[in-house]
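# Report on the structure
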Amino acid sequence: MAAGVQVAQIRDWAGTDLPIIRIMPNTPAAVGKGMITYCTNSMVDDAALADFLSDMAQAGEFDRLDESLIDAATAVTGCGPAFMYLFMEAMADAGVACGLPRAKAQHYAAATMSGAAEMVLKTGQHPGALKDAVCSPGGSTIAGVKALEENAFRGAVMDCVAAAYEKTLELGKGK
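The rules behind each value
- Residues numbered from 1 in each chain as written.
- Predicted model: local features only at pLDDT ≥ 70, side-chain atom pairs only at ≥ 80, totals over all residues.
- Heavy atoms only, no water.
- Helix = DSSP H or I, 4+ residues; strand = E, 2+ residues; numbered from the N terminus.
- Rg over C-alpha atoms; globule rule 2.2 N^0.38 Å.
- Buried < 20%, exposed > 50% of the residue type's maximum accessible area, 1.4 Å probe, protein only.
- Contact = heavy atoms within 4.5 Å.
- Areas by Shrake-Rupley, 256 points an atom, 1.4 Å probe, with all protein chains shown as cover.
- Lys, Arg positive; Asp, Glu negative; His and termini not counted.
- Charge placed at Lys NZ, Arg CZ, Asp CG, Glu CD.
- Pairing = 2+ DSSP bridges.
- Right-handed = clockwise from strand over helix to strand, strands pointing away.
- Phe/Tyr/Trp six-rings, centres within 6.5 Å; stacked < 30°, edge-to-face > 60°.

### Brief notes about the overall build of the protein chain
- Helix and strand content of the protein chain: eight helices and three strands.
- Against the globule reference of 16 Å for 175 residues, the protein chain gives a C-alpha radius of gyration of 20 Å, more extended than a compact globule.
- Classification of the 175 residues of the protein chain by burial places 23% in the buried group.
- Sequence-distant contacts in the protein chain: of pairs separated by 6 or more residues, those separated by 24 or more amount to 54%.
- Carbon together with sulfur atoms contributes 62% to the accessible area of the protein chain, which is approximately 11,300 Å² in total.
- Of the charged side chains in the protein chain, 13 are positive and 20 negative, and the gap between their average positions amounts to 7 Å.

### A closer look at the pairing of strand β2 (residues 34–40)
- The buried count for β2 comes to six of seven residues, which makes it a mostly enclosed element.
- The pairing of β2 with strand β3 (residues 60–64) spans five bridges and is classified as parallel. By the bridge assignment for β3, Y38 is matched with R64.
- For the segment spanning β2, helix α2 (residues 46–56) and β3, crossover handedness is right-handed.

### Some thoughts on the packing of aromatic side chains
- Applying the stated rule across the entire model yields three aromatic pairs.
- Look at F52 and F62: their rings are 6.0 Å apart centre to centre, the planes differ by 85°, and that puts the pair in the edge-to-face class. Residue F52 is located in helix α2, and its partner F62 is located in strand β3; the two are separated by ten residues in the primary sequence.
- Accessibility expressed as a relative area gives 17% for F62, which makes it buried.

### Things to note about the side chain of D71
- Structurally, D71 can be placed in helix α3 (residues 67–78).
- For D71, a relative accessible area of 8% translates into the label buried.
- Setting aside its immediate chain neighbours within four residues, D71 contacts G4, Q6, R22, Y165, T168 and L169.

Nothing here speaks to function; it is geometry throughout.
This is how it looks when you write it as structure tokens:
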């Protein structure tokens, strides 16, 4: 469990062949809502993997990936909670600026993000389609979406994930 560390490196550090499960958890695992990506070497058999996943199930959702994709996943899942917290904090700050008490604004922002995430997960709909369903013609939501677009919100998010990915690659090279 270390950003940028490959299974082959772990094997070299151990100095022998052994079963290796490389995981990249995120902080929501602490409350059972983690998104944990993992890969294995060829020495991990189905029974050992099943035991591991059973033992770790309380941490959240596990998804097996080819090791070549773990660093990209880490930029989304490992770093993502910080990006979400920043967005929630900004939403709450805006709520306070509009007159809401801090505790309520923070709760509303977190609950709204959680509910929106559940909508994507449970319906399988594209986030853009769900966004469009909230945007009434000439309404408040589309005015807010326009403000985000005018401030390059999506570009900034894409840049932040790309920066996290590049840094993960650097960490793997020992820089």
